[in-house]
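Architecture and fold: a report
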Amino acid sequence: MGKGRLGVRKLAALLTGILILDGALLGAAAGVWNGLSRAGGRENAYRAVHAGAASKELSETDRHREQKVVALTFDDGPHAIHTKALLDGLKERGVKVTFFLMGQSIEGNEELVDRMKAEGHLIGNHSYRHIPLTKAGEEAVCNAVEETELLIEEITGARPQYLRPPYGDWNENLECRLDLTTVFWSVDSLDWKLQDAGKIVENVEKRIKSGDIVLMHDIFPTSVEAALELVDHLSMQGYEFVTVEELLID
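Below is a short write-up of the structure. Computed from a prediction, not measured in an experiment: that's the story for all the values here.

**A closer look at the overall build of the chain**
A count of helices and strands for the chain gives eleven helices and eight strands. Expressed as a percentage of the 250 residues in the chain, the buried residues total 38%. Sequence-distant contacts in the chain: of pairs separated by 6 or more residues, those separated by 24 or more amount to 74%. Accessible surface, the chain as shown: approximately 14500 Å² in total, 54% of it carbon and sulfur.

Laid out in C-alpha cells, this is it:
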C-alpha cells in the first residue's frame, strides 16, 4: 500500500513538471510572438514564422496576377488587301501590333499607313527593298533606310524609331548615321513558308511564351487569318498584346 502511494506521488510530480515545462514553452513562444508583433505588427510576426515556406513558391494569387504579354510584328507591308483585312480584325479585337513597313510598298497605300498610326499601332522601318543589307554597302543601306523614313514621316508626321533589317541581316558597321533601334524576333511563325493558317497557328502556339516577339507578314491571306486566330487563342490563355516599344520599355 505504501509503495502504491509512492508511485502515485511520483506520477503526480512528473505530470506537474510536464505542465510547468509546457507552460514555460508557451510563455516563451508568446513572448517571441509579442516581440515580433511590437516590432512590426502581427502580420510581420506571421511572416517571420512562415518566411521559409513563403520564399519557396508564389501564392496562387501571385500566379494569377503575373501578366503574360506578347508582341505581334508584321513585315513587308502595307498590302492593299491583306493589310486592310488585318487592321479590320485587330480593330474589332482591340489589339495593337507593330508594322515594319517596306518603302516600295508604301506608294498607293498611304491611307493604310495613316490608319495604322490613327489606330495606335507602332510603325517601324523595314528598309526600301527586301535585300540583305550587309551585301548592299553602307551608303546604299543608309539611303534606303532614310528614304523609307521620309515616306513614313510624310504620312504620319513622325519618323519611326525602330528598324527591322530584311532577313535580320545587320551588323554594327551599318549603324552609320541612323539613330534607330534594331528589332529582331524570338518566334518565327514561318508564315511565308507554310502558307497554311492552321499550321502557322500550331507552329507559333507550341513555341510562344510571355515576352516573345513574333515575326509575321501582312502580305499573305493565310498570315492574316492565322494572326487573328492567334489573337483569339492567346487571349483566352491570358495573353495581352503590346507593341515592341511597350515590350522593350517594360
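**Structural notes on unusual backbone geometry**
Working note: non-glycine residues mostly have negative phi, and peptide bonds are mostly trans. Along the chain, Gly77 connects to Pro78 via a cis peptide bond; the corresponding omega equals 5°. Considering the arrangement of structural elements, one finds Pro78 in the loop between β1 (68–75) and α4 (82–93). Look at Asp76: it is not a glycine, yet its phi comes out positive at around 80°. Secondary-structure assignment places Asp76 in the loop between β1 and α4. Its relative accessible area of 13% is what places Asp76 among the buried residues. Of note, the phi angle at Gln195 is positive, near 50°, even though the residue is not glycine. Checked against the element boundaries, Gln195 lands in the loop between α8 (191–194) and α9 (197–205). What makes Gln195 partly exposed here is its relative accessible area of 37%.

**Description of the pattern of salt bridges**
Evaluation of the coordinates by the stated rule reveals nine salt bridges. Put simply, Arg164 and Asp75 hold a salt bridge, and the shortest N to O gap is 2.9 Å. Within this pair, whereas Arg164 is found in the loop between β4 (162–163) and β5 (181–182), its partner Asp75 is found in strand β1, the two being separated by 89 residues in sequence. Taking relative accessible area as the criterion, Arg164 reaches 0% and is therefore assigned buried. Looking at Asp75, the relative accessible area reads 3%, which means it is buried.

**Side note on helix α6 (residues 110–118)**
Those residues of α6 that fall on the buried side of the exposure criterion are Leu112, Val113, Arg115 and Met116. Around the axis of α6, the buried residues are gathered within 160° of arc, so they sit on the same side. Set apart from the buried face of α6 by more than 90 degrees, the exposed residues are Glu111 and Ala118. Structurally, α6 contributes buried residues whose contacts are with α4, β2 (98–101), α5 (103–106), β3 (122–125) and α7 (138–156).

**Comments concerning a negative patch on the surface**
Taken together, the side chains of Glu107, Glu110, Glu111 and Asp114 make up a negatively charged region of the molecular surface. In this structure Glu110 comes out as partly exposed when scored by relative accessible area, which is 34%.

**A short note on the pairing of β1**
Counting buried positions along β1 yields seven of eight residues, so the element is predominantly enclosed. Relative to strand β8 (residues 239–241), β1 runs parallel, the two sharing three bridges. Paired with Lys68 across the bridge in β8 is Tyr239. Inspection of the sheet shows β1 paired to strand β7 (residues 212–217) by six bridges, in the parallel sense. Bridge pairing in β7 places Val70 opposite Asp212.

**Brief notes about the pairing of β7**
Of all the six residues making up β7, six are buried; the element is thus mostly covered by neighbouring parts of the structure. Of the two faces of β7, the one carrying Asp212, Val214 and Met216 and the one carrying Ile213, Leu215 and His217 are both buried. Taken together, the two bridges between strand β6 (residues 187–188) and β7 define a ladder with parallel strand orientation. Counted as the bridge partner of Val187 is Val214 from β7.

**Observations regarding the environment of Glu119**
Within the secondary structure, Glu119 sits in the loop between α6 and β3. For the pair Glu119 and Gly94, spaced 25 residues apart in sequence, the C-alpha separation works out to 9.3 Å. Setting aside residues up to four positions removed in sequence, Glu119 forms contacts with Leu87, Lys91 and Lys96.

Thresholds, definitions, all that
Residues numbered from 1 in each chain as written. Predicted model: local features only at pLDDT ≥ 70, side-chain atom pairs only at ≥ 80, totals over all residues. Heavy atoms only, no water. Helix = DSSP H or I, 4+ residues; strand = E, 2+ residues; numbered from the N terminus. Buried < 20%, exposed > 50% of the residue type's maximum accessible area, 1.4 Å probe, protein only. Contact = heavy atoms within 4.5 Å. Areas by Shrake-Rupley, 256 points an atom, 1.4 Å probe, with all protein chains shown as cover. Salt bridge = Lys/Arg side-chain N within 4 Å of Asp/Glu carboxyl O. Arc of directions from axis to C-beta. Patch = residues over 30% accessible without salt bridge, like charges linked within 9 Å, V, L, I, M, F, W, Y side chains within 5 Å. Lys, Arg positive; Asp, Glu negative; His and termini not counted. Charge placed at Lys NZ, Arg CZ, Asp CG, Glu CD. Pairing = 2+ DSSP bridges.

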